[in-house]
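# Analysis of the macromolecular model
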Amino acid sequence: MAGTEYRAFWITEEPDGTFSRLIKIRNTNDLPERGTLIHVQFSSLNYKDALSASGNKGVTRRYPHTPGIDAAGIVENCNSGLFKPGDKVIVTGYDLGMNTFGGFGEYINVFDEWIVPKPENISLEECMIYGTAGFTAGLALFHLLRCGQQPEQGPVLVTGASGGVGSLAVSLLAKEGFEVIASTGKSEMVKYLKNLGANSVIDRTDTDDKSGKALLKPRWAGAI
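What this report covers is the structure whose coordinates are included nearby. (Residues numbered from 1 in each chain as written. Predicted model: local features only at pLDDT ≥ 70, side-chain atom pairs only at ≥ 80, totals over all residues. Heavy atoms only, no water.)

### What to know about the nonpolar core
Ranked by internal contacts, the top residues of the largest apolar core, which has 16 residues, are V158, A161, V170, L173, F178, V180 and A182. Going through the elements one at a time, α2 (124-146), β8 (156-158), α3 (164-175) and β9 (180-184) are the ones with two or more residues in this core. Not counting chain neighbours up to four residues away, the residues in contact with F178 comprise L141, L145, Q149, Q150, P151, V156, L173 and N199. (Core = buried A, V, L, I, M, F, W, Y, C linked by side-chain atoms within 4.5 Å. Buried < 20%, exposed > 50% of the residue type's maximum accessible area, 1.4 Å probe, protein only. Helix = DSSP H or I, 4+ residues; strand = E, 2+ residues; numbered from the N terminus. Contact = heavy atoms within 4.5 Å.)

What follows is the structure, encoded as structure tokens:
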């Protein structure tokens, strides 16, 4: 059966050990059969994608490769019947974009258990605006709340606050009513973090205790 041609960000390891990057025309028949073929509409850029695109073998063992550790798209075919053609879905985590061709190609072929139906109150594009970073920040907040963390218990610290996970954690915590202390090494990001909802912004060196004491007075009720 003839497959569908599509474009993919293609990383190749050269004989001299360097890595080249280009947009390559591929065919869906070239994708390893995992069970469900998805037409990718959106992906997002993550630090792990940059590592994969740079040839980091700790992330991607085998090249040539297409990075993209998350994807939002439309099901074209599902062998199991669990999903129907036309279903809008999200894939994030697992091996996608690491050693499985990822979301920086217009098609992916993945296992059913990797796939989550798109929530009705959010678009495919918005899913990838939040992306893996938003998913991670959301899980962190979920676990804080599950452990009984409440705004009245005191401020919550967010380290690496100007990064993807950190900035979304600041925003989510603020919307839940927490007093948020944002820690960053980038002084130019203070206004940005306060606009996201941080009550105050501190330098990351302020979170690095060098007193040598075994027990200090608590400064924050929780941290992400």
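Read on, since the account is not over.
### What about the packing of aromatic side chains?
For the structure on display, the rule yields 6 aromatic pairs. Between the aromatic rings of F9 and F104, the centroid separation amounts to 6.4 Å while the plane-to-plane angle is 45°, which identifies the pairing as tilted. Of the two residues, F9 sits in strand β1 (residues 5-13) while F104 sits in the loop between β5 (88-92) and β6 (107-110), which places them 95 residues apart along the sequence. With a relative accessible area of 22%, F9 lands in the partly exposed category. With relative accessibility at 23%, the residue F104 sits in the partly exposed group. An aromatic cluster is present here, built from Y94, F111 and W114 joined pairwise through their rings. Above the face of the F101 ring, R26 is positioned so that its terminal group lies 4.7 Å from the ring centre. (Phe/Tyr/Trp six-rings, centres within 6.5 Å; stacked < 30°, edge-to-face > 60°. Lys NZ or Arg CZ within 6 Å of the ring centre and 35° of its normal.)

### Remarks on the environment of L51
Position of L51 among the secondary structure elements: in helix α1 (residues 47-53). Ignoring anything within four residues of it in the chain, the contact list for L51 reads N56, V59 and Y63.

### Brief notes about a nonpolar patch on the surface
Taken together, F135, L139 and F142 make up a surface patch of nonpolar side chains, about 290 Å² in accessible area. Positionally, F135 belongs in helix α2. (Patch = residues over 30% accessible without salt bridge, like charges linked within 9 Å, V, L, I, M, F, W, Y side chains within 5 Å. Areas by Shrake-Rupley, 256 points an atom, 1.4 Å probe, with all protein chains shown as cover. Salt bridge = Lys/Arg side-chain N within 4 Å of Asp/Glu carboxyl O.)

### Structural notes on unusual backbone geometry
That bond from Y63 to P64 is cis: its omega, 5°, falls within 30 degrees of zero. Inspection of the secondary structure puts P64 in the loop between α1 and β4 (70-78). Phi is positive for Y94, which is not a glycine, with a value near 50°.

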